[in-house]
Amino acid sequence: MNIKAEANDARFDLVKWLVVAALVVVAVVGNQYYSAEPILYRVLAVLAIGVIAALVALRTSKGRSFAVLLKEARGEIRKVVWPTRQETTQTTLIVVVVVLVMALLLWGLDSLLGWLVSMVVG
């Protein structure tokens, strides 16, 4: 029974994606058509149409897979051990110092090569 329900849902996925595409087109064309209206109204209309399009997209099999992916990603983010403020500051300072040293080395190399070329060319 469940396989039949999934097959039935998958059959309507194309229709749902066409509805999503139509909603996006309506939002873009409507935003252009009503360009004389205040931007607040146009932004609210585009956001509302975008939310409706997202809800329709989430009703497809790919949309449900995407929602599961987001839920799993959120769980993985909770497992991350974030660095402390001190570790972040120290790492940032190390990166800044290395970048400055490399910049000075490249500037010196560029100046040396420029001087050598000017000596050869004359």
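Position numbers for residues start from 1 in each chain and track the written sequence from start to end. Since the coordinates come from a predicted model, pLDDT governs what is reported: local features require at least 70, and pairs of side-chain atoms require 80 or more to be given and counted, while whole-chain, interface and lining totals use all residues. To get the side-chain values, take all heavy atoms of the structure and skip hydrogens and water.

### What about the UniProt feature "transmembrane region" (unreviewed entry) in the chain?
Under the local residue numbering, the UniProt record ascribes the feature "transmembrane region" (unreviewed entry) to residues 12-33, 39-58 and 93-117. Secondary structure across residues 93-117 comprises 100% helix and 0% strand; the distance between its end C-alpha atoms is 36 Å. UniProt positions are given in the numbering used here, feature names are shortened, and annotations may be inferred rather than shown by experiment. Strands here mean DSSP runs of E at least two residues long; helices mean DSSP runs of H or I at least four residues long; both are numbered from the N terminus.

### A closer look at the domain arrangement of the chain
By a widely used convention, the size of an interface equals the accessible area lost when the partners come together. Segment limits for the domains were obtained from an automatic or database-derived domain assignment. Domain annotation of the chain identifies domain 1 (3-79) and domain 2 (83-121). Using only C-alpha atoms to locate each centre, domain 1 and domain 2 end up separated by 47 Å.

### Considering the packing of aromatic side chains
To describe a pair of aromatic rings, one takes the distance between the centres and the angle between the planes. In this analysis, rings of Phe, Tyr and Trp, with Trp reduced to its six-membered ring, are considered paired at centre separations within 6.5 Å, and the interplanar angle assigns stacked below 30 degrees, edge-to-face beyond 60, and tilted for intermediate values. Applying the stated criterion across every chain, the model contains 1 aromatic pair. Note on Tyr-33 and Tyr-34: the rings are 4.9 Å apart at their centroids and 85° apart in plane angle, and the pair reads as edge-to-face. Under the scheme applied here, a residue whose accessible area is under 20% of the maximum for its type counts as buried, over 50% as exposed, and between as partly exposed, the area being computed with a 1.4 Å probe on protein chains only. Classification of Tyr-33 by relative accessible area gives exposed; the value is 65%.

### Things to note about the packing of helix α2 (residues 13-33) against helix α3 (residues 39-58)
Direction vectors running N to C along α2 and α3 enclose 175°, while the axes themselves pass 9 Å from each other. As judged from the angle between their axes, α2 and α3 are roughly antiparallel. Taken together, the residues of α3 that come into contact with α2 (itself represented by Lys-16, Trp-17, Val-19, Val-20, Leu-23, Val-26, Ala-27 and Asn-31) are Arg-42, Val-46, Ile-49, Ile-52, Ala-53, Val-56 and Ala-57. The residue classification treats Ala, Val, Leu, Ile, Met, Phe, Trp, Tyr, Cys and Pro as nonpolar and Asp, Glu, Lys and Arg as charged. All others, Gly included, are polar. The residue makeup of the contact of α2 with α3, split by class, is 12 nonpolar, 1 polar and 2 charged. Orientation is described by axes fitted as lines to C-alpha atoms, over the contacting stretch for helices, and by angles from 0 to 180 degrees between their N-to-C directions. The labels follow the angle: roughly parallel below 35 degrees, roughly antiparallel above 145, roughly perpendicular from 65 to 115, and oblique for the rest. For this analysis, residues touch if any pair of their heavy atoms sits within 4.5 Å.

### Section: the nonpolar core
Here, nonpolar core means buried Ala, Val, Leu, Ile, Met, Phe, Trp, Tyr and Cys residues that are tied together by side-chain atoms lying within 4.5 Å of each other. By size, the foremost hydrophobic cluster in this structure holds 5 residues: Val-20, Leu-23, Ala-53, Val-56 and Ala-57. Among the elements of the structure, α2 and α3 are those that each provide at least two residues to this core. If one sorts the elements of this core by residue count, α3 sits on top with 3 residues. In this view, Ala-57 contacts Trp-17, Val-20 and Gly-63; residues no more than four positions away in its chain are not counted.

### What about the confidence of the model for the chain?
For the chain, the average pLDDT comes to 92, and 93% of its residues sit at 70 or higher. In predicted models, pLDDT denotes the confidence assigned by the predictor to each residue on a 0 to 100 scale. Per-element averaging of pLDDT across the chain places helix α1 (residues 2-11) at the bottom with 63 and helix α5 (residues 85-121) at the top with 97.

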